[in-house]
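One letter stands for each residue in the lines below.
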Amino acid sequence: MKVKVSSFAGNEASDVELSDEVFGLEPRADILHRVVTWQLEKRRGTARGTRERSDVARSGKKLGRQKGGGVARHGDRRAPIFVGGGKAHGARVRDFNPGLNKKVRALGLKMALSSHAKAGSLIVLDGFEVQKTKELKGHFATLNVGKRTLVIDGDTAEGFRAGYNLPGVDMLPAVGANVYDIIKADTLVLTRAAVEKLEARFNG
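Please read these numbers as outputs of a predicted model, since none were measured by experiment. Each chain carries its own residue numbering, running from 1 in the written order of its sequence. A pLDDT threshold of at least 70 governs which residues receive local features in this predicted model, and a stricter bar of 80 or more applies before side-chain atom pairs are shown or counted, although totals over entire chains, interfaces and linings include all residues. The side-chain quantities take in all heavy atoms of the structure and omit both hydrogens and water.

Chemist: Please clarify how the packing of helix 3 (residues 102-119) against helix 6 (residues 192-203) should be interpreted in this entry.
Modeler: For any two helices packed against each other, one specifies the crossing angle of their axes together with the interaxial distance. One way to put it is that helix 3 packs onto helix 6 with a least axis distance of 11 Å and a crossing angle of 150 degrees. In terms of orientation, helix 3 lies roughly antiparallel with respect to helix 6. Of the two elements, helix 3 crosses helix 6, and the hand of that crossing is left-handed. Across the interface between the two elements, Ala 106, Leu 109, Lys 110 and Leu 113 from helix 3 touch Leu 198, Arg 201 and Phe 202 from helix 6. Residues are sorted three ways: Asp, Glu, Lys and Arg are charged, Ala, Val, Leu, Ile, Met, Phe, Trp, Tyr, Cys and Pro are nonpolar, and all the rest, Gly among them, are polar. Here the residues of the contact of helix 3 with helix 6 are counted per class, giving five nonpolar, no polar and two charged. Lines fitted to C-alpha atoms define the axes, with helix axes restricted to the stretch in contact, and inter-axis angles between N-to-C directions lie between 0 and 180 degrees. By the criteria applied, helices consist of DSSP H or I runs no shorter than four residues and strands consist of E runs no shorter than two, each listed in order from the N terminus. Note that the term roughly parallel is reserved for angles under 35 degrees, roughly antiparallel for angles over 145, roughly perpendicular for angles of 65 to 115, and oblique for everything else. The crossing is said to be left-handed when, going from far helix to near helix, the turn is anticlockwise and less than a right angle, and right-handed when the turn is clockwise. We call two residues in contact when some of their heavy atoms are within 4.5 Å.

Chemist: Just to check I follow, could you spell out the sheet that holds strand 2 (residues 15-17) for this structure?
Modeler: Two orientations exist for strands paired in a sheet by backbone hydrogen bonds: parallel and antiparallel. Between any two strands, pairing holds if DSSP finds at least two bridges. On the basis of which strands lie adjacent, the open sheet formed by six strands has the order 2-1-3-6-4-5 and mixed pairing. This sheet does not close on itself; its edge strands, each paired only once, are strand 2 and strand 5 (169-173). The mean angle between the axes of side-by-side strands here comes to 30 degrees, regardless of whether they run parallel or antiparallel. Examined bridge by bridge, strand 4 (residues 149-153) and strand 5 share five bridges and lie parallel to one another. The partner of Thr 149 across the bridge, within strand 5, is Val 169. Against the sheet, helix 6 engages strand 1 (2-6), strand 2, strand 3 (122-125), strand 4 and strand 6 (187-191), with an angle of about 90 degrees to strand 6.

Chemist: What should I look at first to understand helix 2 (residues 29-43) in this one?
Modeler: For an α-helix, 3.6 residues make a turn, and residues three or four places apart therefore share a direction. An expected span of 1.5 Å times one less than the residue number is assigned to each helix. The end-to-end C-alpha distance of helix 2, which contains 15 residues, comes to 21 Å, matching closely the 21 Å that a straight helix rising 1.5 Å per residue would cover. A simple rule labels every residue: compare its accessible area, found with a 1.4 Å probe on the protein chains alone, to the largest value its type can have, and call it buried under 20%, exposed over 50%, or partly exposed in between. Listed in full, the buried residues belonging to helix 2 are Ile 31, Leu 32, Val 35, Val 36, Trp 38 and Gln 39. Buried residues along helix 2 cover an arc of 160 degrees about the axis, so they all sit on one side. More than 90 degrees from the buried face of helix 2, the exposed residues found are Ala 29 and His 33. If you follow the buried residues of helix 2, they end up packed against helix 3 and helix 5 (179-184). Think of it as the arc spanned by the lines of direction from the helix axis to the C-beta atoms.

If you want it as structure tokens, here you go:
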């Protein structure tokens, strides 16, 4: 698959050949759904488990006699009413760490990239050398990007700082490319370095 390489200067450079094994697949909704669900569940944090009455290491001996002591009829010091006792109805540890096959994860990322290539919302840049936010905003206007734009470069480029304050623009290095951010974006912008690293990631 050949795609024209654009530049912020406005002129079009030579075409780049994209691998059909990475950018030419037919997207499947079930694969993308599985990968996105796995990715969002991996993000969830678990509550720290509290010690309940049965978890507290205190004496189980009855405090006093049942009647005639002039105090409440307590059983042992592990009751939640005492200082140092167990927590009543405390937080429980829940497992949000599901597993997903590496091949399915890789296939989902390929399909996410292919979905933009198929829809025509993929832009390949010759490079990403921008220092000021105002300048980058003007470049995006000439590229006709959508409301949400994801820019992926080979590494964390110096020009990434210019895009941190732009609304609707996300910046990622190639190593951080993921299905959720890619399919959430209206326009996917890749640099030549990002294309090379992504293809090497699957071929290596």
